Structure formats: structure tokens, C-alpha cells
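A closer look at the structure
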Amino acid sequence: MENYSKKLLEKVESKISKIPQNENILISSKQTIELFEDALNKLKDFISDYSFKDKEEEIKFFKKIKPRFLGLLLYHNKVYNIEVIRPTESIESQKQYLKGELVRLRSFFEKHRELYQYQRTQGEFLDEYFFMRGQTQIPFGRDSFYFESDPAFSTTYDYKISKMLAYDMLASYLNQEHDKLDVIEQSIISNLPTVKLSWTGKKAELVELIYALQEAGSFNNGTANIKDVTEYFENAFNVELKDYYRTYSEIRNRKENRTSFLSKLIEALTKRMDDSDSK
């Protein structure tokens, strides 16, 4: 059983190592999820035809081996779900979003503090109740997932232990992503001029200007995307543009003069030139 599980996990990790790391996180996460789903099904098929030698082996499987597979599946699935709705408006909005996810993790661990301490301290005195099938005497009550699971492939707490392993990894991921944003933010700030300017015009006008400049290829030889340009302007001019995609959509749907701010700029600059000429 241990040998089969070890080889199965090695095969999965080998396939994951071949997934391009520079791809979109949603693409790589989805591929990884599919690999672990397949591996867990294979593990389930193996166990359905396997007889544990003794209760120690059964406990080891449901306490250590299955949670390793299920924990990694839950982790990558959670990363996918987090990233698919991660805000893109600004660095600050992303940081707040990640902090919110960390708060939810802390709430989960606080709610299951006793079980988490048991798992972290490698307790053993309740293993027979937690990690053997068909148990009826449960110290902390059953996990709701237990009633939906296959009793031949599940114990009272192997799912929750798997979830704790996943959330431990997820906490590290969220902190790393938050640190990355800190680095980007500091890099932007360090490259800003010492003179501080704040945008006091309408936010929709700034969005109109940003889209025009980005579309004209005015930054980084035309390689800068709208997200990067918007975040730079937000930091440079002390303004938060929030859902700038929706603002752009509203600008695009104007019935009259969709580029009203650009027209206003042209008029203002032309007037200044004319006034200079007359002098």
C-alpha cells in the first residue's frame, strides 16, 4: 500500500513539474487539479481491492497517505477559486483581498483549534476514532462532508485533516502573494518623482486618458497592458480607479462624443497655443 501510494504521488509530481510555470495560474492550477483528481480516484480503486494488514496500517493510510493526496487537491482547487475572482483594479485592492482570505483561514483554524493542535502535535490517542472506518464514538462530532463521502474510502476526520494540510499550504501561498505585491508597490514608489501630484479631475476622465495612451503604445514600446498602466497612474497620482473596465465600458457606450475628455484637452491646448501666438 505504501509503495503504491509513493509511486503514484511521484508520477503526479513528475507530470506537474512539466506544466509550464510561466503560464496563467488558472491554467496551471486547473491542470494540476485534474492530475490529483485522477490520482485520488486511482488510490480509491486500489483501496477498494486492498485489505489492511492491521489497524495501524489503516490508521496510517487515512491519517497520512490519503490526506497528502486530498490535501494537495484541495489546496490547488482553493488557489484556483481565489485567483479566478482576485481583483485586478489596483495593488491595494489585491492586498486587501488576500488579507481577507487569510482572515478566513485563521477563523477556520480557530474554530477547529483542538483538532488542529492534535494534528500539529502528532497526537495518537484518538487515532482509532479519527482514522478508522465505521467509528461511532466521535469526540469532536462528525464533519458534514463525512455523510456525503464513500464510507469505504473515508473516516470521520481524514477530510478535515486534509483540509488543514491544504489551508497550511494556502496560508503560505497567500503570504507570498502579498509579499510580491509589497515588492511591486515599493518598486513603483521608489521610481516615482519626489514631487507629489494628486489627480483632482474626474476619475472617468483619467480612465479615458489611460486607455488612449495605452492604445497608442505610449509605454514600454507598446508592451504595457492596461492593468500595469492603470496601477502606475493610481500610485503616481494618488487615486483609486477601482472598476476601470466598467468605466471604460461606460465611456464606450456614450451616445455623444465618446472621447469628450480628449476633446477637452485638445481645446485647452489649442487655446493656450492661440493665446501665446496672439501675444
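So, here is what we can say about the structure in this document. (Residues numbered from 1 in each chain as written. Predicted model: local features only at pLDDT ≥ 70, side-chain atom pairs only at ≥ 80, totals over all residues. Heavy atoms only, no water.)

Digging into the environment of Phe237
Note that Phe237 resides in the loop between helix H9 (226-236) and helix H10 (244-252). A C-alpha to C-alpha distance of 19 Å links Phe237 and Lys95, two positions 142 residues apart in sequence. Once you skip the residues sitting within four places of it in the chain, Phe237 turns out to touch Leu197, Ser198 and Trp199. (Helix = DSSP H or I, 4+ residues; strand = E, 2+ residues; numbered from the N terminus. Contact = heavy atoms within 4.5 Å.)

Looking at the layout of surface pockets
Quantified by volume, the largest pocket comes out at close to 390 Å³. Forming the boundary of the largest pocket are 19 residues, of which Glu234, Asn235, Ala236, Phe237 and Asn238 lie nearest the centre. Among the elements of the structure, helix H4 (91-111), helix H7 (158-190) and H9 are those that each provide at least two residues to the lining of the largest pocket. Looking at the lining of the largest pocket, the element that brings in the most residues is H9, giving four residues. Among the residues making up the lining of the largest pocket, the classes are represented as ten nonpolar, four polar and five charged. (1 Å grid on protein atoms, 1.4 Å probe; cavity = no way out; pocket = protein on both sides within 12 Å on 5 of 7 lines; lining within 4 Å. Points joined across faces, edges and corners; volume = space filled by probe spheres on them. Nonpolar A, V, L, I, M, F, W, Y, C, P; charged D, E, K, R; others polar.)

What about the environment of Ser278?
Relative to the assigned elements, Ser278 resides in helix H11 (residues 260-278). We classify Ser278 as exposed; its relative accessible area is 63%. At 2.7 Å, the side chain of Ser278 forms a polar contact with the backbone oxygen of Asp275. (Buried < 20%, exposed > 50% of the residue type's maximum accessible area, 1.4 Å probe, protein only. Polar contact = N/O pair within 3.5 Å; in protein donor to acceptor, adjacent residues only side chain to side chain.)

Description of the packing of helix H1 (residues 2-17) against helix H3 (residues 55-84)
Viewed as axis vectors pointing N to C, H1 and H3 meet at an angle of 10°, and their least axial separation amounts to 12 Å. Comparing the axis directions of H1 and H3 gives the class roughly parallel. For the pair formed by H1 and H3, the contact residues are Glu2, Ser5, Leu8, Leu9 and Glu13 on the first element and Lys60, Ile65, Arg68, Phe69 and Leu72 on the second. (Axes fitted to C-alpha atoms, helices over the stretch in contact; angles between N-to-C directions. Parallel < 35°, antiparallel > 145°, perpendicular 65-115°, else oblique.)

Some thoughts on the pattern of salt bridges
Under the counting rule described, the total for this entry stands at 18 salt bridges. Across the salt bridge formed by Arg133 and Glu58, the nearest N and O atoms sit 3.0 Å from each other. Here Glu58 lies in helix H3 and Arg133 lies in the loop between helix H6 (127-130) and H7, a separation of 75 residues in the sequence. Of the charged contacts in the structure, one is a salt bridge between Glu185 and Lys95, with a shortest N-O distance of 2.9 Å. Remark: Lys95 occurs in helix H4 and Glu185 occurs in helix H7; sequence separation between them is 90 residues. Owing to a relative accessible area of 14%, Glu185 belongs among the buried residues under this scheme. Residue classification places Lys95 among the buried positions, given a relative accessible area of 8%. (Salt bridge = Lys/Arg side-chain N within 4 Å of Asp/Glu carboxyl O.)

Regarding the packing of aromatic side chains
Per the counting criterion, the structure on display carries 21 aromatic pairs. Here Trp199 and Phe261 contribute two aromatic rings whose centre-to-centre distance is 6.2 Å and whose plane-to-plane angle is 75°, an arrangement assigned as edge-to-face. On the criterion of sequence distance, the pair formed by Trp199 in the loop between H7 and helix H8 (203-215) and Phe261 in helix H11 is long-range, its members being 62 residues apart. Among the residues examined, Phe261 registers a relative accessible area of 8% and is labelled buried. A connected cluster of aromatic rings, assembled from ring pairs, spans Tyr4, Phe46, Tyr50, Phe52, Phe61, Phe62 and Phe153. The ring of Phe153 is capped by Lys66, whose NZ or CZ atom sits 4.4 Å from the centre of that ring. (Phe/Tyr/Trp six-rings, centres within 6.5 Å; stacked < 30°, edge-to-face > 60°. Lys NZ or Arg CZ within 6 Å of the ring centre and 35° of its normal.)

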